[in-house]
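# Breakdown of the fold
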Amino acid sequence: YDYGRVEVRFNGEWGTVCDGNFGAAEARVICRELGFPDYVSYYYNGYYGQGTGKIWLDDLQCSGFEKSMQLCRHAGWGANNCAHSEDVGVMCQVVYGGVADCDFEQGVCGYYNHNFLRGSSPTTSNSTIPNGDYTTGSGYYVYTEASETLPGDVAFLLSPNVNVSAPSCLHFAYHMYGAVQGQLHVYVENGTGWYLPWNLQGSQGNYWRTANIDIDTYVSQVMIISIRGDGDTGHTAIDDIQQFWGPCNVQGLKNADVQTAKREALHDPEMEKDGMTAENDDKETGNA
(Lines give C-alpha, C1' and ligand atoms only; values in the text may rest on other atoms or scores of the structure.)
Protein backbone atom coordinates (compact mmCIF):
# COMPACT_ATOMS: atom_id res chain seq x y z
CA TYR A 1 0.00 0.00 0.00
CA ASP A 2 0.95 3.66 -0.35
CA TYR A 3 -0.57 6.22 1.93
CA GLY A 4 -0.32 9.63 3.55
CA ARG A 5 -1.99 12.94 4.28
CA VAL A 6 -3.93 14.40 1.33
CA GLU A 7 -2.80 17.78 0.03
CA VAL A 8 -3.71 19.78 -3.05
CA ARG A 9 -1.88 22.68 -4.69
CA PHE A 10 -3.97 25.67 -5.70
CA ASN A 11 -2.60 29.01 -6.96
CA GLY A 12 0.91 27.76 -6.31
CA GLU A 13 0.34 26.91 -2.63
CA TRP A 14 -0.10 23.51 -1.01
CA GLY A 15 -2.88 22.92 1.48
CA THR A 16 -4.78 20.09 3.13
CA VAL A 17 -8.27 18.61 2.74
CA CYS A 18 -10.68 18.57 5.67
CA ASP A 19 -12.33 15.28 6.64
CA GLY A 20 -15.89 16.70 6.70
CA ASN A 21 -18.23 14.41 4.70
CA PHE A 22 -15.20 12.51 3.41
CA GLY A 23 -15.81 8.88 2.46
CA ALA A 24 -15.01 6.04 0.11
CA ALA A 25 -15.96 7.84 -3.13
CA GLU A 26 -13.66 10.77 -2.31
CA ALA A 27 -10.80 8.44 -1.37
CA ARG A 28 -11.26 6.52 -4.62
CA VAL A 29 -11.05 9.67 -6.76
CA ILE A 30 -7.89 10.86 -4.98
CA CYS A 31 -6.12 7.50 -5.24
CA ARG A 32 -7.06 7.16 -8.90
CA GLU A 33 -5.83 10.68 -9.68
CA LEU A 34 -2.50 9.81 -8.11
CA GLY A 35 -2.16 6.78 -10.39
CA PHE A 36 -3.34 3.97 -8.10
CA PRO A 37 -6.09 1.50 -9.09
CA ASP A 38 -8.26 2.18 -6.04
CA TYR A 39 -8.35 3.16 -2.38
CA VAL A 40 -7.88 0.75 0.53
CA SER A 41 -8.96 2.98 3.40
CA TYR A 42 -9.11 6.58 4.56
CA TYR A 43 -8.45 8.26 7.90
CA TYR A 44 -9.76 11.25 9.83
CA ASN A 45 -8.37 13.54 12.54
CA GLY A 46 -4.88 14.13 11.12
CA TYR A 47 -4.09 10.40 11.26
CA TYR A 48 -0.99 10.78 9.06
CA GLY A 49 0.10 13.98 10.79
CA GLN A 50 -1.33 17.46 10.80
CA GLY A 51 -0.49 19.81 7.97
CA THR A 52 0.39 23.49 8.18
CA GLY A 53 -0.78 26.53 6.27
CA LYS A 54 -3.85 26.44 4.07
CA ILE A 55 -6.83 24.11 4.34
CA TRP A 56 -7.97 24.24 0.74
CA LEU A 57 -10.99 21.92 0.58
CA ASP A 58 -13.90 21.00 2.83
CA ASP A 59 -17.18 19.13 2.28
CA LEU A 60 -15.76 17.30 -0.73
CA GLN A 61 -18.52 15.34 -2.51
CA CYS A 62 -17.58 12.91 -5.29
CA SER A 63 -19.44 10.20 -7.18
CA GLY A 64 -16.31 8.05 -7.35
CA PHE A 65 -15.89 8.27 -11.13
CA GLU A 66 -14.44 11.79 -11.48
CA LYS A 67 -11.02 12.03 -13.12
CA SER A 68 -9.88 14.58 -10.54
CA MET A 69 -11.07 15.75 -7.13
CA GLN A 70 -11.20 19.24 -8.64
CA LEU A 71 -14.28 17.99 -10.54
CA CYS A 72 -16.06 17.00 -7.32
CA ARG A 73 -18.40 19.35 -5.48
CA HIS A 74 -16.91 21.18 -2.50
CA ALA A 75 -17.45 24.24 -0.32
CA GLY A 76 -15.09 26.39 -2.42
CA TRP A 77 -11.34 26.85 -2.49
CA GLY A 78 -10.24 27.89 0.99
CA ALA A 79 -13.82 27.86 2.38
CA ASN A 80 -13.87 25.69 5.51
CA ASN A 81 -14.62 25.60 9.21
CA CYS A 82 -11.83 23.13 9.99
CA ALA A 83 -8.59 22.90 11.91
CA HIS A 84 -5.56 20.83 10.87
CA SER A 85 -6.61 18.27 13.47
CA GLU A 86 -9.25 17.31 10.86
CA ASP A 87 -6.83 16.75 7.97
CA VAL A 88 -7.79 13.66 5.98
CA GLY A 89 -5.46 10.86 4.83
CA VAL A 90 -5.83 7.96 2.42
CA MET A 91 -4.30 4.54 1.86
CA CYS A 92 -4.13 3.50 -1.80
CA GLN A 93 -3.81 0.11 -3.46
CA VAL A 94 -0.54 -0.41 -5.35
CA VAL A 95 -0.72 -1.85 -8.88
CA TYR A 96 0.60 -5.37 -9.43
CA GLY A 97 0.52 -6.36 -13.10
CA GLY A 98 -1.27 -4.58 -15.94
CA VAL A 99 -4.24 -2.24 -15.89
CA ALA A 100 -7.35 -2.05 -18.04
CA ASP A 101 -7.55 1.76 -17.92
CA CYS A 102 -7.46 3.67 -21.19
CA ASP A 103 -8.68 7.10 -22.35
CA PHE A 104 -7.14 6.59 -25.83
CA GLU A 105 -5.34 9.94 -25.79
CA GLN A 106 -1.95 8.32 -26.40
CA GLY A 107 -3.02 5.19 -28.25
CA VAL A 108 -4.78 2.00 -27.16
CA CYS A 109 -2.88 1.44 -23.89
CA GLY A 110 -1.64 -2.09 -24.58
CA TYR A 111 -5.02 -3.43 -25.73
CA TYR A 112 -5.05 -5.82 -28.66
CA ASN A 113 -7.23 -3.94 -31.15
CA HIS A 114 -9.15 -5.68 -33.91
CA ASN A 115 -11.08 -3.39 -36.29
CA PHE A 116 -11.62 -0.43 -33.95
CA LEU A 117 -10.43 2.92 -35.34
CA ARG A 118 -9.04 5.72 -33.17
CA GLY A 119 -10.15 9.30 -33.79
CA SER A 120 -11.36 12.56 -32.31
CA SER A 121 -14.15 13.62 -34.70
CA PRO A 122 -16.68 12.07 -37.08
CA THR A 123 -15.63 10.65 -40.40
CA THR A 124 -17.09 12.18 -43.53
CA SER A 125 -19.05 9.01 -44.34
CA ASN A 126 -21.60 9.24 -41.53
CA SER A 127 -22.72 11.60 -38.82
CA THR A 128 -23.59 8.91 -36.25
CA ILE A 129 -20.05 8.96 -34.83
CA PRO A 130 -19.75 11.35 -31.84
CA ASN A 131 -18.44 14.89 -32.33
CA GLY A 132 -15.97 14.57 -29.45
CA ASP A 133 -14.77 12.16 -26.81
CA TYR A 134 -16.52 11.48 -23.51
CA THR A 135 -13.76 12.70 -21.23
CA THR A 136 -13.17 16.25 -22.50
CA GLY A 137 -15.28 16.66 -25.64
CA SER A 138 -12.17 17.25 -27.72
CA GLY A 139 -9.97 14.19 -27.18
CA TYR A 140 -9.67 10.74 -28.68
CA TYR A 141 -11.85 7.64 -28.57
CA VAL A 142 -12.14 4.40 -30.56
CA TYR A 143 -15.04 3.58 -32.87
CA THR A 144 -16.27 1.17 -35.52
CA GLU A 145 -16.78 2.26 -39.12
CA ALA A 146 -19.94 0.50 -40.29
CA SER A 147 -19.63 1.68 -43.89
CA GLU A 148 -16.38 -0.26 -44.29
CA THR A 149 -17.62 -3.59 -42.83
CA LEU A 150 -20.35 -6.16 -43.40
CA PRO A 151 -23.35 -7.15 -41.23
CA GLY A 152 -22.19 -9.37 -38.38
CA ASP A 153 -18.55 -8.26 -38.58
CA VAL A 154 -16.80 -8.04 -35.22
CA ALA A 155 -14.47 -5.45 -33.71
CA PHE A 156 -12.92 -6.05 -30.30
CA LEU A 157 -10.54 -4.67 -27.70
CA LEU A 158 -8.65 -7.22 -25.59
CA SER A 159 -7.04 -5.82 -22.45
CA PRO A 160 -3.57 -6.64 -21.13
CA ASN A 161 -3.42 -9.18 -18.29
CA VAL A 162 -4.77 -7.33 -15.25
CA ASN A 163 -5.04 -10.01 -12.52
CA VAL A 164 -7.64 -8.29 -10.34
CA SER A 165 -9.31 -10.12 -7.46
CA ALA A 166 -13.03 -9.83 -6.68
CA PRO A 167 -14.92 -7.65 -6.26
CA SER A 168 -14.02 -5.17 -8.99
CA CYS A 169 -15.78 -2.65 -11.20
CA LEU A 170 -15.41 -2.00 -14.92
CA HIS A 171 -16.49 1.50 -15.94
CA PHE A 172 -16.46 2.87 -19.49
CA ALA A 173 -18.27 5.29 -21.79
CA TYR A 174 -20.03 4.14 -24.93
CA HIS A 175 -21.85 5.80 -27.82
CA MET A 176 -24.26 3.61 -29.81
CA TYR A 177 -26.28 5.54 -32.35
CA GLY A 178 -27.81 4.87 -35.73
CA ALA A 179 -30.96 3.62 -37.43
CA VAL A 180 -29.56 0.09 -37.67
CA GLN A 181 -27.38 -0.39 -34.60
CA GLY A 182 -25.64 -3.63 -33.69
CA GLN A 183 -24.55 -5.13 -30.38
CA LEU A 184 -21.99 -4.40 -27.68
CA HIS A 185 -20.71 -7.14 -25.35
CA VAL A 186 -18.27 -7.20 -22.43
CA TYR A 187 -16.54 -10.50 -21.64
CA VAL A 188 -14.33 -11.26 -18.65
CA GLU A 189 -11.71 -14.04 -18.45
CA ASN A 190 -11.67 -15.38 -14.87
CA GLY A 191 -8.92 -17.98 -15.12
CA THR A 192 -11.21 -20.84 -16.14
CA GLY A 193 -12.95 -19.31 -19.16
CA TRP A 194 -14.81 -16.31 -20.56
CA TYR A 195 -18.19 -15.16 -19.31
CA LEU A 196 -20.56 -12.34 -20.27
CA PRO A 197 -21.49 -9.94 -17.43
CA TRP A 198 -22.91 -7.18 -19.69
CA ASN A 199 -24.34 -6.68 -23.16
CA LEU A 200 -26.48 -4.16 -25.03
CA GLN A 201 -28.22 -3.99 -28.41
CA GLY A 202 -29.74 -1.24 -30.55
CA SER A 203 -29.43 2.53 -30.76
CA GLN A 204 -29.00 4.29 -27.39
CA GLY A 205 -29.32 7.88 -28.64
CA ASN A 206 -26.89 10.43 -29.99
CA TYR A 207 -24.90 10.97 -26.81
CA TRP A 208 -22.39 9.25 -24.56
CA ARG A 209 -23.61 6.90 -21.85
CA THR A 210 -21.63 5.08 -19.15
CA ALA A 211 -21.61 1.46 -18.06
CA ASN A 212 -20.75 0.38 -14.52
CA ILE A 213 -20.25 -3.39 -14.33
CA ASP A 214 -19.76 -5.06 -10.95
CA ILE A 215 -17.62 -8.20 -11.35
CA ASP A 216 -17.76 -10.78 -8.57
CA THR A 217 -14.94 -13.03 -9.77
CA TYR A 218 -11.22 -12.84 -10.40
CA VAL A 219 -10.39 -10.98 -13.62
CA SER A 220 -7.49 -11.99 -15.85
CA GLN A 221 -8.50 -10.03 -18.97
CA VAL A 222 -11.39 -7.95 -20.29
CA MET A 223 -12.70 -7.97 -23.85
CA ILE A 224 -15.12 -5.41 -25.33
CA ILE A 225 -16.79 -6.65 -28.52
CA SER A 226 -18.84 -4.66 -31.04
CA ILE A 227 -20.95 -6.57 -33.61
CA ARG A 228 -22.09 -4.64 -36.68
CA GLY A 229 -25.82 -4.38 -37.42
CA ASP A 230 -27.54 -4.87 -40.77
CA GLY A 231 -27.05 -1.30 -42.01
CA ASP A 232 -24.16 1.10 -42.44
CA THR A 233 -25.60 3.89 -40.26
CA GLY A 234 -24.95 2.32 -36.87
CA HIS A 235 -21.61 3.09 -35.21
CA THR A 236 -20.23 2.19 -31.79
CA ALA A 237 -17.64 4.29 -29.93
CA ILE A 238 -15.78 3.50 -26.68
CA ASP A 239 -13.90 5.84 -24.34
CA ASP A 240 -12.50 6.24 -20.83
CA ILE A 241 -12.19 2.61 -19.72
CA GLN A 242 -11.47 2.34 -16.00
CA GLN A 243 -11.18 -0.68 -13.74
CA PHE A 244 -11.62 -0.19 -10.00
CA TRP A 245 -10.42 -2.70 -7.42
CA GLY A 246 -13.70 -2.60 -5.51
CA PRO A 247 -17.46 -2.32 -6.14
CA CYS A 248 -18.79 0.29 -8.56
CA ASN A 249 -20.98 2.13 -6.08
CA VAL A 250 -18.92 3.41 -3.14
CA GLN A 251 -20.67 6.77 -2.78
CA GLY A 252 -21.68 7.26 0.84
CA LEU A 253 -19.71 4.28 2.15
CA LYS A 254 -17.76 4.97 5.32
CA ASN A 255 -15.01 3.13 7.16
CA ALA A 256 -16.41 1.02 9.99
CA ASP A 257 -14.12 2.57 12.58
CA VAL A 258 -11.44 4.89 11.26
CA GLN A 259 -10.43 5.97 14.76
CA THR A 260 -9.09 2.53 15.70
CA ALA A 261 -7.98 1.26 12.30
CA LYS A 262 -4.55 -0.34 12.31
CA ARG A 263 -1.70 1.16 10.34
CA GLU A 264 -0.96 -1.41 7.67
CA ALA A 265 1.44 0.85 5.82
CA LEU A 266 4.88 -0.20 4.63
CA HIS A 267 6.48 3.26 4.61
CA ASP A 268 6.89 6.18 6.95
CA PRO A 269 3.48 7.85 7.60
CA GLU A 270 4.93 11.28 6.98
CA MET A 271 6.28 10.25 3.60
CA GLU A 272 4.58 12.29 0.87
CA LYS A 273 4.11 11.27 -2.74
CA ASP A 274 5.06 13.82 -5.39
CA GLY A 275 2.06 15.70 -6.78
CA MET A 276 0.71 15.24 -10.26
CA THR A 277 -0.12 18.20 -12.46
CA ALA A 278 -3.72 18.57 -13.58
CA GLU A 279 -4.80 20.25 -16.83
CA ASN A 280 -4.81 23.68 -15.21
CA ASP A 281 -1.30 24.46 -14.01
CA ASP A 282 -2.75 26.56 -11.21
CA LYS A 283 -4.52 23.53 -9.75
CA GLU A 284 -2.37 20.56 -8.93
CA THR A 285 -3.22 17.49 -6.89
CA GLY A 286 -0.80 15.47 -4.84
CA ASN A 287 0.66 14.32 -1.55
CA ALA A 288 -1.12 11.13 -0.75
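Before reading further, recall that the structure is shown in the block above.
Read on for a plain summary of the structure. What you see is a predicted model; the values in this text were computed from it and never measured.

### Regarding the state of the cysteines
- The tally for this structure, following the rule as stated, stands at five disulfides.
- Between the sulfur atoms of Cys 31 and its disulfide partner Cys 92 the distance amounts to 2.0 Å. Disulfide Cys 31-Cys 92: torsion about the S-S bond near -80 degrees, hence left-handed. Of this pair, Cys 31 sits in helix α1 (residues 24–33) while Cys 92 sits in strand β6 (residues 89–93), and the two are 61 residues apart along the sequence. This pair shows no difference in class: Cys 31 is buried, exactly as Cys 92 is.
- Residue pairing for Cys 169: its cysteine sulfur links by disulfide to Cys 248, the two sulfurs lying 2.1 Å apart. Between Cys 169 and Cys 248, the S-S torsion sits near 100 degrees, and that sign places the bridge as right-handed. Here the residue Cys 169 occupies a position in strand β11 (residues 168–177), and Cys 248 occupies one in the loop between β16 (235–244) and β17 (276–277), the gap between them amounting to 79 residues.
- Using a relative accessible area of 0% as the deciding quantity, one classes Cys 169 as buried.

### Quick word on the pairing of strand β13 (residues 194–201)
- Note that strand β12 (residues 183–189) and β13 share six bridges and pair antiparallel. When the bridges of β13 are listed, Glu 189 appears paired with Trp 194.
- The turn linking β12 back onto β13 is made up of four residues, and Gly 191 within it adopts a positive phi angle of 100 degrees.

### Regarding unusual backbone geometry
- Put simply, Ala 166 and Pro 167 share a cis peptide bond, and its omega is -5 degrees.
- Structurally, Pro 167 is set in the loop between β10 (154–158) and β11.
- The phi dihedral of Asn 21 is positive, around 65 degrees, even though this residue is not glycine.
- Inspection of the secondary structure assignment puts Asn 21 in the loop between β3 (13–17) and α1.
- Under the relative-accessibility criterion, Asn 21 is labelled partly exposed at 49%.
- The phi dihedral of Asn 45 is positive, around 60 degrees, even though this residue is not glycine.

### Some words on empty space enclosed by the protein
- Tallying each qualifying case throughout the model produces one cavity of 30 Å³ or more.
- One number sums up the size of the largest cavity: a volume of about 30 Å³.
- Along its surface, the largest cavity is lined by Gly 98, Val 99, Ala 100, Asp 101, Val 164, Gln 243 and Trp 245.

### Observations concerning the pattern of salt bridges
- If you walk through the whole model with that rule in mind, you get four salt bridges.
- A salt bridge links Asp 38 to Arg 28; its shortest N-O distance comes to 2.9 Å. One end of the pair, Asp 38, is in strand β4 (residues 38–43); the other, Arg 28, is in helix α1, with 10 residues separating them in the sequence.
- Assessed through its relative accessible area of 1%, Asp 38 is described here as buried.
- Exposure remark for Arg 28: the relative accessible area of 0% places this residue in the buried category.
- Two residues, Arg 32 and Asp 101, come together in a salt bridge whose shortest N-O distance is 2.4 Å. Within this pair, whereas Arg 32 is found in helix α1, its partner Asp 101 is found in the loop between β6 and β7 (112–114), the two being separated by 69 residues in sequence.

Rules of the game
Counting restarts for each chain: residues are numbered from 1 in the order of the written sequence. Note on the predicted model: pLDDT of at least 70 is required for a residue's local features to be given, and 80 or more for side-chain atom pairs to be given and counted; whole-chain, interface and lining totals, by contrast, use all residues. By convention in this description, side-chain values take in all heavy atoms of the structure and omit both hydrogens and water. To count as a disulfide, a pair of cysteine sulfur atoms needs to be within 2.5 Å. Segments assigned H or I by DSSP are reported as helices when at least four residues long, segments assigned E as strands when at least two residues long, and all are numbered from the N terminus. Remark: exposure states derive from per-residue accessible area (1.4 Å probe, protein chains only) relative to the maximum for the residue type, with buried under 20%, exposed over 50%, and partly exposed in between. Here, strands pair whenever DSSP counts at least two bridges between them. Both cavities and pockets are sets of points on a 1 Å grid over the protein atoms alone; in a cavity a 1.4 Å probe fits but cannot get out, in a pocket the set is open with protein on both sides within 12 Å along at least five of seven lines, and lining residues sit with an atom within 4 Å of a point. Grid points are joined across faces, edges and corners, and a volume is the space filled by probe spheres set on the points. By salt bridge we mean one thing: a side-chain nitrogen of Lys or Arg within 4 Å of a carboxyl oxygen of Asp or Glu.

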